[in-house]
Amino acid sequence: MEIRPENPSDYAAIDRITRAAFAPMPFSEGTEAECIEKLRRDGDLTLSLVAIKDAALAGHIAFSPVLINESFDGWYGLGPVSVSPRSQRTGIGTALINEGLARLRQMDAQGCALIGDPAYYSRFGFVGDGRLSYRNLPGRNVQWLAFNDTQPSGVLRYSPGLE
Ligand SMILES: CC(C)(COP(=O)(O)OP(=O)(O)OC[C@H]1O[C@@H](n2cnc3c(N)ncnc32)[C@H](O)[C@@H]1OP(=O)(O)O)[C@@H](O)C(=O)NCCC(=O)NCCS
C-alpha cells in the first residue's frame, strides 16, 4: 500500500470513497464529501492523503487548521477519514492516521484534535479529558494529541468548511 498526498486526479475517487464510507454511519449527515471540497476551495486542506492499494484509491484522510479559544496555535483537526467499505478493518485507516500525524509533526505542528469515538482514537494517543470543548458534545469525544508538552485548553473551532 502507498500513502501519498492527493493530486487533482484523485478528487473524484476521494468524493466517492467518502460518501460510501459515511453512508452507513448513523451519526453522519452525509456532508463529509462536500466539507472536503470546501476545505480544498478555501485553502484549508493542510494535508490530504490518499491510500492506494492494488492501484485503486482505498482510503483518504484530511487535516485542517483549528482554532482553540479563537486563536490558531499550530493545532490541526483530523478528519474526515474514510476507508472504502470493502477495505475496512485491514489497517488502512491506522496507516493513514499514523502517516498524517507523522507529517504534522514534521511541519512543526503543536498538536492534533478531533471529534470521534475514543474506542478507536485512544490507540493513537488521543485523549478526551474535557480540556477541549466543542458545542455540546461530551468531553470524551473531543480528543487531542499534543506533539510537545503543552496541553490545550478551551473551545475548539474547525475551519469554516467543517463548521
Ligand atoms: C473509521 C475508519 C476510517 C477506520 O479505518 P479502517 O481501515 O477500517 O481501520 P483499521 O483497519 O486501521 O483499524 C481497525 C480497528 O478499528 C476499529 N474500528 C474501526 N472503526 C471503528 C469505530 N467507528 N469505532 C471504534 N472502533 C473502530 C476496529 O474495531 C478495529 O479494531 P481492532 O483492530 O481492535 O479490531 C473506517 O472504518 C471508516 O471509513 N469508517 C466509516 C467512516 C468513519 O466513521 N470515519 C471516522 C469518523 S470519526
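Scroll up for the structure.
Residues numbered from 1 in each chain as written. Predicted model: local features only at pLDDT ≥ 70, side-chain atom pairs only at ≥ 80, totals over all residues. Heavy atoms only, no water.

Participant: So, the packing of aromatic side chains: which residues are in play, and what are the values?
Facilitator: Two descriptors summarise a pair of aromatic rings, namely the distance from one centre to the other and the angle between the planes of the rings. Inspection of the entire model under this criterion finds 6 aromatic pairs. Note on Tyr120 and Phe124: the rings are 5.7 Å apart at their centroids and 75 degrees apart in plane angle, and the pair reads as edge-to-face. We classify Tyr120 as partly exposed; its relative accessible area is 27%. Taken together, the ring pairs in this structure connect Tyr120, Tyr121, Phe124 and Phe126 into an aromatic cluster. Over the ring of Tyr11 we find Arg40, and its NZ or CZ is 3.7 Å from the ring centre. (Phe/Tyr/Trp six-rings, centres within 6.5 Å; stacked < 30°, edge-to-face > 60°. Buried < 20%, exposed > 50% of the residue type's maximum accessible area, 1.4 Å probe, protein only. Lys NZ or Arg CZ within 6 Å of the ring centre and 35° of its normal.)

Participant: Lay out helix H3 (residues 92-106) with the relevant residues and their values.
Facilitator: Residue pairs three or four apart in sequence face the same way in an α-helix, which turns once every 3.6 residues. Helix length check: H3 (15 residues) gives 21 Å between terminal C-alpha atoms against 21 Å at 1.5 Å per residue, within 8%. Residues of H3 that are buried include every one of Ile92, Gly93, Leu96, Ile97, Gly100, Leu101 and Leu104, and no others. Taken down its axis, H3 places every buried residue within 160 degrees of arc, on the same side. (Helix = DSSP H or I, 4+ residues; strand = E, 2+ residues; numbered from the N terminus. Expected span 1.5 Å × (residues − 1). Arc of directions from axis to C-beta.)

Participant: Account for the site of the ligand, naming residues and giving values.
Facilitator: Taken together, 19 residues are adjacent to the ligand, and Val83, Arg89, Gly91, Gly93 and Thr94 come closest. The separation between an oxygen atom of the ligand and a polar main-chain atom of Val83 is 2.8 Å. Separating an oxygen atom of the ligand from a side-chain N or O atom of Tyr120 is a distance of 3.4 Å. In the complex, the protein chains occlude 73% of the 880 Å² of accessible area that the ligand would expose alone. Comparing atom positions with the cavity grids shows the ligand to sit within the largest pocket. For the shell around the ligand, the secondary structure elements donating two or more residues are helix H1 (11-22), strand E4 (75-83), H3 and helix H4 (118-121). Among the residues forming the shell around the ligand, the class breakdown is 10 nonpolar, 6 polar and 3 charged. (Near = heavy atom within 4 Å. Polar contact = N/O pair within 3.5 Å; in protein donor to acceptor, adjacent residues only side chain to side chain. Areas by Shrake-Rupley, 256 points an atom, 1.4 Å probe, with all protein chains shown as cover. 1 Å grid on protein atoms, 1.4 Å probe; cavity = no way out; pocket = protein on both sides within 12 Å on 5 of 7 lines; lining within 4 Å. Sits in = over half its atoms within 2 Å of the grid points. Nonpolar A, V, L, I, M, F, W, Y, C, P; charged D, E, K, R; others polar.)

Participant: So, the layout of surface pockets: which residues are in play, and what are the values?
Facilitator: The gaps left among the atoms become clear once a water-sized probe is rolled over them. In this structure, the largest pocket encloses a volume near 1600 Å³. Lining the largest pocket are 38 residues, and of these Phe22, Phe27, Ile115, Gly116 and Tyr121 sit closest to its centre. For the lining of the largest pocket, the element with the highest residue contribution is E4, accounting for 6 residues. Of the residues belonging to the lining of the largest pocket, the class tally is 18 nonpolar, 13 polar and 7 charged. (Points joined across faces, edges and corners; volume = space filled by probe spheres on them.)

Participant: Please set out the side chain of Ser28 residue by residue, giving values where relevant.
Facilitator: Residue placement: Ser28 occurs in the loop between H1 and helix H2 (32-42). Residue Ser28 is classed as buried on the basis of its relative accessible area of 18%. A polar contact of 2.9 Å, which involves the side chain of Ser28, links it to the side chain of Glu32.

Participant: Outline the pairing of strand E8 (residues 154-158), supporting the account with residue identities and numerical values.
Facilitator: Two strands pair when backbone bridges link them, and strand E3 (residues 56-68) and E8 are joined in this way by 3 bridges, in the antiparallel orientation. Counterpart to Leu67 in the pairing with E8 is Arg157. Sheet analysis places strand E6 (residues 132-133) next to E8, joined by 2 bridges and oriented parallel. Residue pairing for E8: Ser133 is matched across the bridge by Val155. (Pairing = 2+ DSSP bridges.)

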